[in-house]
Amino acid sequence: MIDKSRSRPIKFVIGVILFAYLSYFISDGAVGIDLLDVALTSLVQISNSGIWTAFYKVIAWLASPGMDVLWIIILAFLMYGFKYKIQAFWALAYMVGAMVLGFIVKHIIGRARPISHLAQDTGYSYPSGHVLGTFVLVSVIIMLVVPELPSYRMAMIVKWVSVVWLLLVIFSRIYLNAHYPTDTLGAVLLAWSWSQIMQWFYVFWAPGLLKWPLFYRSYL
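Residues numbered from 1 in each chain as written. Predicted model: local features only at pLDDT ≥ 70, side-chain atom pairs only at ≥ 80, totals over all residues. Heavy atoms only, no water.

In the annotation of an unreviewed UniProt entry, the protein is listed under the name Phosphatase PAP2 family protein and assigned to Lactiplantibacillus argentoratensis.

Following this line, the structure appears as structure tokens:
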């Protein structure tokens, strides 16, 4: 489970600084960002075929913001049923907060999507909502589910499958031209920074919530 970490403030500061710099350069239309996006997109799209397009469209659908919310609701329901009540509500708040932050940043930066993207997405491009939601879902699994699994082998399988899933979602957004690579990087940095805040809240507030009837006999 989530515990105290002296490095958490450092991680938060680093994440915020990197996200702020990236956001500034994107909003300013820096040439270097455009060149980086073109180079990385070319690498991801080096093998272009109908099979890969269909494959990544399925991934994009499963990892859409709406589906990410659905997955976290199902996961929270299961955690609550197994008496991880505080963790269940924490996971929901984590996802909602991330989506709200993503919405705000999208409208502040106002970056247009790549031309001729293959996905049926609308709205602004930066940061990627798919990647933001998936990062939250994957981090919840790694932080809350993996430590409670009965065997080390099973824990490692679930952990690395989750990481691979996040990478596939990132690749799908770039492959389908739904996002620039820096959109996905910005989503990871934003979610990472928000994660540090939410972990801090959990460490300092979770013990006190045990007094509430809603969280009676919850595990910590």
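1. So, the nonpolar core
The biggest cluster of nonpolar side chains holds 53 residues, and the ones touching the most others in it are M79, W90, Y94 and V140. Counting only elements with at least two residues in this core, the list comes to α1 (8–27), α3 (50–62), α4 (65–81), α5 (85–109), α6 (129–145), α7 (152–175) and α8 (181–209). When residues of this core are assigned to their parent elements, the largest contribution, 10 residues, is made by α6. Beyond its immediate chain neighbours, meaning those up to four positions away, Y94 contacts F135, V136, S139, V140, M143, A191, W194, S195 and M198. (Core = buried A, V, L, I, M, F, W, Y, C linked by side-chain atoms within 4.5 Å. Buried < 20%, exposed > 50% of the residue type's maximum accessible area, 1.4 Å probe, protein only. Helix = DSSP H or I, 4+ residues; strand = E, 2+ residues; numbered from the N terminus. Contact = heavy atoms within 4.5 Å.)

2. Some thoughts on α7
The α-helix winds at 3.6 residues per turn, so residues separated by three or four positions along the chain end up facing the same way. Look at α7: 34 Å from first C-alpha to last across 24 residues, which is about the 34 Å you get at 1.5 Å a residue. The elements touched by buried residues of α7 are α2 (31–44), α3, α6 and α8. At the C-terminal side of α7, N177 shows a positive phi close to 60 degrees. (Expected span 1.5 Å × (residues − 1).)

3. Some remarks on the UniProt feature "transmembrane region" (unreviewed entry) in the protein
When the UniProt feature table is mapped onto this chain numbering, "transmembrane region" (unreviewed entry) sits at residues 12–33, 58–82, 89–109, 129–146, 158–176 and 188–210. Taken end to end, residues 129–146 is 94% helix and 0% strand, and its first and last C-alpha atoms sit 24 Å apart. Along residues 158–176 one finds 95% helix and 0% strand; the C-alpha atoms at either end are 27 Å apart. (UniProt positions renumbered as here; feature names shortened; annotations may be inferred.)

4. Some thoughts on the environment of S5
The topology assignment puts S5 in the segment before α1. Linking S5 and F135, residues 130 residues apart in sequence, is a C-alpha distance of 20 Å. At a separation of 3.0 Å, a polar atom in the side chain of S5 contacts the side chain of S7. (Polar contact = N/O pair within 3.5 Å; in protein donor to acceptor, adjacent residues only side chain to side chain.)

5. Concerning the side chain of K106
Following the sequence through the fold, K106 ends up in helix α5. No salt bridge is formed by the buried K106, whose closest oppositely charged neighbour, D183, lies at an N-O distance of 7.3 Å. Polar side-chain contacts of K106 include one of 2.8 Å to the backbone oxygen of Y124. Contact partners of K106, with chain neighbours within four places excluded, come to R111, R113, Y124, S125, Y126, P127, G129 and H179. (Lys, Arg positive; Asp, Glu negative; His and termini not counted. Salt bridge = Lys/Arg side-chain N within 4 Å of Asp/Glu carboxyl O.)

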